[in-house]
Amino acid sequence: MGTLRKRGAVYGVIGLMLCVAVYLNWSYFQSPEELTIADQAMEADGEVYGEVTAVDHETADAAGSGEAADSDDYFAQARLSRQTARDEALAMLKETVESESATEDAKKEASEKITDIAGDMVREERLESQIRAKGFDDAVVYISDDTISIVVAPPENGLSSADAAMLSDLVVAETDADLSMIRLSEAK
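Quantities reported herein were computed from a predicted structural model and do not represent experimental measurements. (Residues numbered from 1 in each chain as written. Predicted model: local features only at pLDDT ≥ 70, side-chain atom pairs only at ≥ 80, totals over all residues. Heavy atoms only, no water.)

(A) Representation of the overall build of the chain in the model. Along its length, the chain carries 4 helices and 5 strands. Expressed as a percentage of its 188 residues, the buried residues of the chain come to 40%. Look at the contacts in the chain between residues 6 or more apart in sequence, and 60% of them connect residues 24 or more apart. Counting only carbon and sulfur atoms, one obtains 52% of the accessible surface of the chain, whose full area is about 10600 Å². (Helix = DSSP H or I, 4+ residues; strand = E, 2+ residues; numbered from the N terminus. Buried < 20%, exposed > 50% of the residue type's maximum accessible area, 1.4 Å probe, protein only. Contact = heavy atoms within 4.5 Å. Areas by Shrake-Rupley, 256 points an atom, 1.4 Å probe, with all protein chains shown as cover.)

As structure tokens, this is what we get:
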């Protein structure tokens, strides 16, 4: 019975830390003053490719600085936030794997989650590289269990439905994710 309680406590702590990491990352991308819904990308047959959202990161203090500096700062900050959240989750999972008091099942589950997170990190990096290779100045991708969020530096004419479809195709090819999981935003 004591082992069952310890296992439950370990799972609870791991779950809580993962939820906190996802919440912090989600709140960073979804603060209400930064986001406005712009459009839904559609293919000719009406299939939804994901939400297209405009993100405005200019502040009154940054009025004198260049738009490129704001955009670069946004992407660097987003990557740092994503990495910090992941590092915290990985640290908790590694503690479980290395713990002498954790059960073999808990260690195995923690190892599997570490492998999943590492795989997500590799896919995010690949997608960011592919997006830049398609002509976008910069991009940041965050893969979670139920969504794939992509923020791109839009072309000078803005993000078109064709761009959204192309980005969605990249994501599906890399992750085999359902199109409804993709959330596409553009940084301004």
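(B) Layout of the environment of I150. Within the fold, I150 resides in strand β4 (residues 148-152). I150 sits in the buried class, given a relative accessible area of 1%. Put simply, I150 and V140 are 10 residues apart on the chain and 5.8 Å apart in space, counted from C-alpha to C-alpha.

(C) The arrangement of helix α3 (residues 104-133) in detail. With 30 residues, α3 ought to run about 44 Å at 1.5 Å a step, and its terminal C-alpha atoms sit 43 Å apart, in line with that. Of all the residues in α3, the buried ones are A106, K107, A110, I114, I117, G119, D120, E124, L127, E128 and I131. Backbone geometry just after α3 places G135 at a positive phi near 110 degrees. (Expected span 1.5 Å × (residues − 1).)

(D) Main features of unusual backbone geometry. Of note in this structure, D176 is not a glycine but carries a positive phi near 60 degrees. You can see D176 is positioned in the loop between α4 (161-175) and β5 (182-187).

(E) Representation of the packing of aromatic side chains within the structure. Counted by the stated rule, this structure contains 1 aromatic pair. Ring geometry for Y74 and F75: centres 5.2 Å apart, planes at 75 degrees, overall edge-to-face. Each member of the pair Y74 and F75 is classed as buried. (Phe/Tyr/Trp six-rings, centres within 6.5 Å; stacked < 30°, edge-to-face > 60°.)

(F) Main features of the confidence of the model for the chain. Averaged over the chain, the pLDDT score is 75; the fraction of residues at 70 or greater is 62%. Below pLDDT 50 for its whole length, residues 30-54 participates in 54 contacts with residues either more than four positions away or in separate chains. Within the model, the stretch residues 56-68 combines pLDDT values under 50 with 10 contacts to residues more than four positions away or in other chains. (pLDDT = per-residue confidence, 0-100.)

(G) Molecular detail of the pattern of salt bridges. As enumerated under the stated definition, the model contains 9 salt bridges in all. The shortest N-O distance in the salt bridge between E128 and R82 comes to 2.5 Å. Of the two residues, E128 sits in helix α3 while R82 sits in helix α2 (residues 67-98), which places them 46 residues apart along the sequence. Taking the relative accessible area as the measure of exposure, E128 reaches 1% and is therefore buried. According to the relative accessible area criterion, R82 is buried, its value standing at 5%. A salt bridge links R86 to E124; the nearest nitrogen and oxygen atoms lie 2.9 Å apart. On the criterion of sequence distance, the pair formed by R86 in helix α2 and E124 in helix α3 is long-range, its members being 38 residues apart. (Salt bridge = Lys/Arg side-chain N within 4 Å of Asp/Glu carboxyl O.)

(H) Local environment of α4. An ideal rise of 1.5 Å per residue puts 21 Å on 15 residues; α4 measures up with 21 Å between its terminal C-alpha atoms. Listed in full, the buried residues belonging to α4 are D163, A164, A165, L167, S168, L170, V171, E174 and T175. Just beyond α4, the residue with positive phi is D176, at close to 60 degrees.

(I) Just the pairing of strand β3 (residues 139-143), in detail. Counting buried residues along β3, 5 of its 5 residues qualify, which places the element largely inside the surrounding structure. Going residue by residue along β3, you find A139, V141 and I143 tucked away on one face and V140 and Y142 tucked away on the opposite face as well. Taken together, the 5 bridges between β3 and β4 define a ladder with antiparallel strand orientation. Paired with I143 across the strands is I148, a residue of β4. Hairpin connection between β3 and β4: a loop of 4 residues separates the two successive antiparallel strands. (Pairing = 2+ DSSP bridges.)

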